[in-house]
Structures are given as structure tokens and as C-alpha cells.
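Summary of structural features
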Amino acid sequence: MKARYLLLCVAMLFCGTLSAAEPDVAKLTTDLKAGGEASYKAADELADAPADKAIPALTSALDSKDVELQRRAARSLAQFGKEAESAVPKLSQLLDSPVPKLRAYAAYALGKIGDSKLPALPKLIQLVTDEDAMVRRSALEALLDLNLDSNVSLPILVDVLEKADPAMVLPVLSEMAEQGERAIPRLRTALKNEQAAYWACLVAEAMGPKAAPLVPELTAVLSNKDPGTRMHALIALGEIGPEAKPAMDAVINALENDSVPAVKYSAAFALASMEADKATDALKKAAEGEDAFLTLISYYAVAKLNPNDTMMAQTAATFLVEAMKNEDANVRAAAAHCLANLEASPDLLQPILADALRDADPRVVAKITDAIVKMGPQAMPDVLKGLKDDKLRWVSVSIIRRWGEAAPEAVEPLTEALSTDDEQYQGEVLMAIGSIGDKAAGAVESVKPFLKGDSRSLKLNALYALGRMGQGAMPAKGDIMPLLDSNDSFTKFAAAWALANIAPEDAAAAEKSVPILTESLTSSEQGYIPGEAAKALAMFGDKAKSALPALKKAADAGNEAAAEAVEAISKP
């Protein structure tokens, strides 16, 4: 009798649980139309509701005039993956939104849904060169998530890159390279495509040693009909370094037999990184030929393989600087790349490199930028002049950002550069200020106004810059605190992260920030957020003890920063 009673109770409990779920979904669907916080919460919670009821409601919310609701609806639809295919048409429409975060989340959702026959594919690929960094990253990640037919996607991508503003192509290639191992399968396919191989080689260059798995494909590209593609395949092999040795015979063949001088030069550059006697012998032989530039670049390569011969290095540098004036952009690119990797007198290199930044070819500019970055802040005077030149200001900011903490003297000029009306440029300047870290604290008052502006992206950039300044940004604490109540979840996270860096001992800041950071441990908005949230919680120390259960769970799931945070917070 007792067993039957217990069974009946269990049955009633399960029946009650199942029937109780229906009113909750119905309420969430109603709340979705209520507006404000209630609708935002409903959009978030519908991500855990049954797909057949949640997806139609969330899809309808994409038509809302409330941007934040649209964003959250797109994010929740992404959680359903392929089940949300019915939302693809409306998500595709949002790719044309004038609001960057909507374009970004629409791209993110389409990638997670995974419709490889996406009608809006050309538009999604076009967003890879969007002016907004978050949109570019989301579009690129979506393309990697989709199982695309390379015969369809690669020609579109090549067309987009060839027509794009050169100022946008460089960050796109950099972001592709940052995908690391995840990008390898796509790059393998691209390297086998005659049109796409050129761009794939540029990405492999930027990846450096991480592109080692692509050595067989890059070797095969050395037979490509396009000289520029062969040249960049060789430069990519050179950037990979000693792990590219399996390609040595093919590279030597290019050095000795290719009909295009710029390709021979790039072969010499590649051999310089292969660290083998066979390479030195081939280069010495090439240096004896009639081609003066091949002679000097071969000397460069031999100098790299024999770093103790300083006279040879200086001789090679002198000829390479002269080659920067060559009419052939391929020759200029090769010369700039070699200069970037040759230790020579900064007094010799600095003037010619600074002037060469005006080159119209983005490939040349990219190589010169690398050269100036490697020279370090001793090139600062010319770079700071570039901030006042409309043709040089973008690349100048990029160089300063890469110098980071080694460029404190750039703070004041960067602060002055914030006075421009160009929001995209302001964003890059704020990121450069942030890269300098605590030595940029003198820019606090100039950065603070962006926290109250209408631009979401500039607000986020300002929070990054202030957070990187650490406790030197304490005067901005009062301006950051209200952003913890923002309707935008990413803004809330960025504000909490900034406060953890600026005011880790502040109880009020911790009280409001810790719950936000705890919730961010499971965020799927950007891959880096869970790790950064864990690091921020660790900064709050024992004030973040309430986050320990979530941190332990995140640590068990493989979040290394969370494991370190648990240890830091648990210390007596």
C-alpha cells in the first residue's frame, strides 16, 4: 500500500512538473511583448524553453523596434542551432541593419544555425570587411561555423577582399590569422583554389609558425600561375621557420629556376629561416648571379643564417633600403619584409620606412608596418607625425597599439587624436590608449566622455582603455558604475571588468560587479568573455566568494582562468 502511495505521489509530482512548464512558456511569450526589462528577460529565458514554442516567439521579436530585444532574440535563437532554421530569413535581413551589434548577432546566430545554403551568404561574406570590429569577427566566425561549399564561398570572398578598402583588408587578414588551428582546414581548401590561394597565403604569413600544418599545401602553391601568389607562399614558408624544411627542395628550385625576380627574392627570404647548410650553399650560389637585388637579398639570407657577421647584415640593409624605391610593388613588399627581419641600424632604416608608409599597395604597407613595429619606439617621432596625416593616421595608430606598454610617450598625441569626428578612428585610438596600460592614466579625463556618448562601440572601447589603466583610472569609477545597470549585457560585462581592474578593493563596485561577472562565466557572446570574467573575479579576491560555485563549475569545464580564480579567492 505504501509503495503504491509513493508511486502515485511520484507520478503526481512528474505530471505537475510537466504541466507547470506550459504556463511558464506562455508567460514568457507574453512578457516578450511587454517591452523593457521584462521582454529582455523573457528573450533570455526562452533560450531554455521547448524549441517548438520558443523559436516562433523569438523570431517574431526580431521585428521589434527595440534594438536590445532584437539582439537578445538573435542570441537566444542561436542556442537552438539547426532547429531555428525558420528564423534564417529574418536574421538575414538584420545583416543589413545600420546598428553594428545587430549585424554582429545576426551573423553569430546564422553561423550557429548552420544553414550551408544560406541565401544571404554573399552579404555575410561582405561583413568580413565591415568597419566594425565586432561585426567582422562575428561574420568570420560564422563562416567558419558553416559547412560551406568552397566552390561557392571562395569566389565571393576573393571578390569582397579585392574590392575592399585596403585599410579594412589588413585587420581582416589579422583576424583570420587569429583563428589559429580553427582556420587550418579552410585555409587548406583555399590554398587549393587558384583564386583564393593568394589571400590564404597572406593569412598563413600572419599566422607564422602556427601555419606549419599548411607546409604541404604552400609547397604545392609554388607552381601557381600567379607570381604574387607564389611570392607570398614563399614568404609564408619563411614565416613558418624551421618547420618548413620539408619544402626546402621546392624553395631552392624557385630560387634557381623561377622566371620572376620577386619570386626568387622571396625564395631567398624563405631559405633564410630554414637553418640548414643546404640553404646557405644555395644562397651563396644565387649571390654570384647577375641580378643585383637577388645578390643583396641572398646576402641578407646568408646574414640571417650567420647572425654573428654584423658587416654582412649592414651591407644587406643598405641595399634593401634602396630596393624600397623600386617601381615593382612586389619588390618593395619583399624588401620591406626582409628589413623587418634584419637587425640593422635604426638610423639607416627609419627615414625610408616612415616615408614608405604612403605606399598605395596594402601588401607593402603591411610589411613596412611590421618593420617599424620591430624597430620599436625609437621610430616614435615619425609615427607620431603620422597621427596628424590623414593618409598615415590609421597605420600609425596600429603601430602604437602593437608597441603597447612600450609607447607611453604616445599618450598625449593619442589623446589629441580623439578630437576627430570619425568614430571608427576614435575607436582605434581608444584601443591604442588601452594597449599602453597603466602608463596611459593621463588620458583618463579625455576618455571619460565616451562613457556617456551614444555610440555603444566607443563606450566599450573606452571601458577597455580605462580598465587597462588600472587604478590610475580611479577618477572614472563614478562614470562607470551606472553602466552596470545597462540594458546591454556586453556593456555591463565590460563595465564590471573595468571596475575589477580599477577598483578591486571597492566593496560597492564588487557588490554590483560580481553577479555580472559570475553570469558572464557561461557567456557565449565572445569566446574570450568567460576567461576574462574569471580573471576579473580573481581581482576582487574574497569579495567574490559568492562566485566560487560558478567558478568551480567553469574550471571543471576547462576554463583555466576560472581554476586560478578559485585558488586566488579561496586564499585566507
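Residues numbered from 1 in each chain as written. Predicted model: local features only at pLDDT ≥ 70, side-chain atom pairs only at ≥ 80, totals over all residues. Heavy atoms only, no water.

Along the backbone of the protein there are 34 helices and zero strands. Counting all 572 residues of the protein, 57% fall into the buried class. A fraction of 67% describes how many contacts in the protein between residues 6 or more apart in sequence connect residues 24 or more apart. Counting every atom, the protein has about 25900 Å² of accessible surface; 53% of that belongs to carbon and sulfur. (Helix = DSSP H or I, 4+ residues; strand = E, 2+ residues; numbered from the N terminus. Buried < 20%, exposed > 50% of the residue type's maximum accessible area, 1.4 Å probe, protein only. Contact = heavy atoms within 4.5 Å. Areas by Shrake-Rupley, 256 points an atom, 1.4 Å probe, with all protein chains shown as cover.)

As a further point, take the confidence of the model for the protein. Overall, the predicted model of the protein reaches an average pLDDT of 83, with 86% of residues at or above 70. Under a pLDDT of 50 for its full length, residues 1-23 has, in the predicted model, one contact with residues more than four places off or in other chains. (pLDDT = per-residue confidence, 0-100.)

Because an α-helix packs 3.6 residues into every turn, residues spaced three or four apart end up facing the same way. Taking 1.5 Å as the rise per residue, helix 31 (residues 507-520) with 14 residues should run 20 Å; its terminal C-alpha atoms sit 20 Å apart, in good agreement. Of the positions making up helix 31, those classed as buried are A509, A510, S513, V514, I516, L517, T518 and S520. Contacts from the buried residues of helix 31 go to helix 30 (489-502), helix 32 (529-540) and helix 33 (548-556). Residue D506 occupies the N-cap position of helix 31, its side-chain oxygen lying 3.0 Å from the main-chain nitrogen of A508. (Expected span 1.5 Å × (residues − 1). Polar contact = N/O pair within 3.5 Å; in protein donor to acceptor, adjacent residues only side chain to side chain.)

Attention now moves to the packing of helix 12 (residues 197-207) against helix 14 (residues 227-240). Closest axis-to-axis distance for the helix 12/helix 14 pair is 8 Å, and the angle between their directions is 20°. The pairing of helix 12 with helix 14 is recorded here as roughly parallel in orientation. Like other packed secondary-structure pairs, helix 12 and helix 14 cross with a definite hand, here left-handed. Contacts between helix 12 and helix 14 involve A197, Y198, C201, L202, A204 and E205 on the former and, on the latter, G228, T229, H232, A233, I235, A236 and E239. Of the residues that constitute the contact of helix 12 with helix 14, the class distribution is eight nonpolar, three polar and two charged. (Axes fitted to C-alpha atoms, helices over the stretch in contact; angles between N-to-C directions. Parallel < 35°, antiparallel > 145°, perpendicular 65-115°, else oblique. Left-handed = near helix turned anticlockwise from the far one by under 90°. Nonpolar A, V, L, I, M, F, W, Y, C, P; charged D, E, K, R; others polar.)

Before going further, it helps to examine the packing of helix 14 against helix 16 (residues 261-272). Relative placement of two packed helices is described by the angle separating their axes and the distance separating the axes. Packing of helix 14 against helix 16 leaves a shortest axis separation of 8 Å and a crossing angle of 10°. Accordingly, the angle class assigned to the pair helix 14 and helix 16 is roughly parallel. Mapping the contact onto sequence places P227, R230, M231, L234, I235, G238 and E239 in helix 14 and A262, V263, S266, A267, F269 and A270 in helix 16. Partitioning the contact of helix 14 with helix 16 into residue classes produces nine nonpolar, two polar and two charged.

Bringing the packing of aromatic side chains into the picture now. Under the criterion given, the structure shown has five aromatic pairs. Summarising the aromatic geometry, the rings of Y198 and W199 are spaced 5.2 Å apart at their centres and angled 85° between planes, so their arrangement reads as edge-to-face. Arranged with centres 6.2 Å apart and planes meeting at 5°, the rings of Y464 and W497 form a pair that is stacked. Residue Y464 is located in helix 28 (residues 456-469), and its partner W497 is located in helix 30; the two are separated by 33 residues in the primary sequence. The ring of Y105 has R71 lying over it, and the distance from NZ or CZ to the ring centre is 4.9 Å. Of note, R393 hangs over the ring of Y425, and the distance from its end group to the ring centre comes to 4.1 Å. (Phe/Tyr/Trp six-rings, centres within 6.5 Å; stacked < 30°, edge-to-face > 60°. Lys NZ or Arg CZ within 6 Å of the ring centre and 35° of its normal.)

With that out of the way, let us pick up the environment of D422. Within the secondary structure layout, D422 lies in the loop between helix 25 (411-417) and helix 26 (423-436). Looking at D422, the relative accessible area reads 26%, which means it is partly exposed. Excluding residues that lie within four positions of it along the chain, D422 makes contacts with R393 and W394.

The next thing to look at is the pattern of salt bridges. Applying the stated criterion across every chain, the model contains 28 salt bridges. Two residues, R72 and D44, come together in a salt bridge whose shortest N-O distance is 2.6 Å. Within this pair, whereas R72 is found in helix 4 (residues 67-78), its partner D44 is found in helix 2 (residues 36-45), the two being separated by 28 residues in sequence. Note on R72: relative accessible area 7%, which makes it buried. Judged by its relative accessible area of 24%, D44 falls in the partly exposed class. Between E505 and K543 there is a salt bridge, and its shortest N-O distance comes to 3.5 Å. Taken together, the residues E505 in the loop between helix 30 and helix 31 and K543 in the loop between helix 32 and helix 33 connect sequence positions 38 residues apart. The network of salt bridges with common partners includes D44, E68, R71, R72, R75, K101, R456 and D488. (Salt bridge = Lys/Arg side-chain N within 4 Å of Asp/Glu carboxyl O.)

With respect to the element layout, D258 can be found in the loop between helix 15 (248-257) and helix 16. When its relative accessible area of 13% is taken as the criterion, D258 is described as buried. Of the polar contacts made by the side chain of D258, one reaches the side chain of R230; its length is 2.8 Å. Discounting residues that sit within four places of it in the chain, D258 has contacts with R230, N253, V263 and K264.

Now for the side chain of E68. With respect to the helices and strands, E68 occurs in helix 4. For E68, a relative accessible area of 6% translates into the label buried. Side chain to side chain, E68 and R71 meet in a polar contact 2.7 Å long. A distance of 3.3 Å separates polar atoms of two side chains, one belonging to E68 and the other to K101. Once residues within four sequence positions are removed from consideration, E68 is found in contact with Y40, K101, N487, D488 and S489.

So, on to helix 19 (residues 310-323). Between its first and last C-alpha atoms helix 19 spans 20 Å; for 14 residues at 1.5 Å apiece the expected length is 20 Å, and the two agree. Taken as a whole, helix 19 has its buried residues at M312, A313, A316, A317, L320, V321 and A323. Seen along its axis, helix 19 keeps its buried residues to an arc of 165°; they face one direction. (Arc of directions from axis to C-beta.)

What follows covers the environment of T59. For T59, the location among the structural elements is in helix 3 (residues 51-61). The spatial distance from the C-alpha of T59 to the C-alpha of A74 is 8.0 Å, given a sequence separation of 15 residues. Beyond its immediate sequence surroundings of up to four residues, T59 is in contact with L77, A87 and K90.

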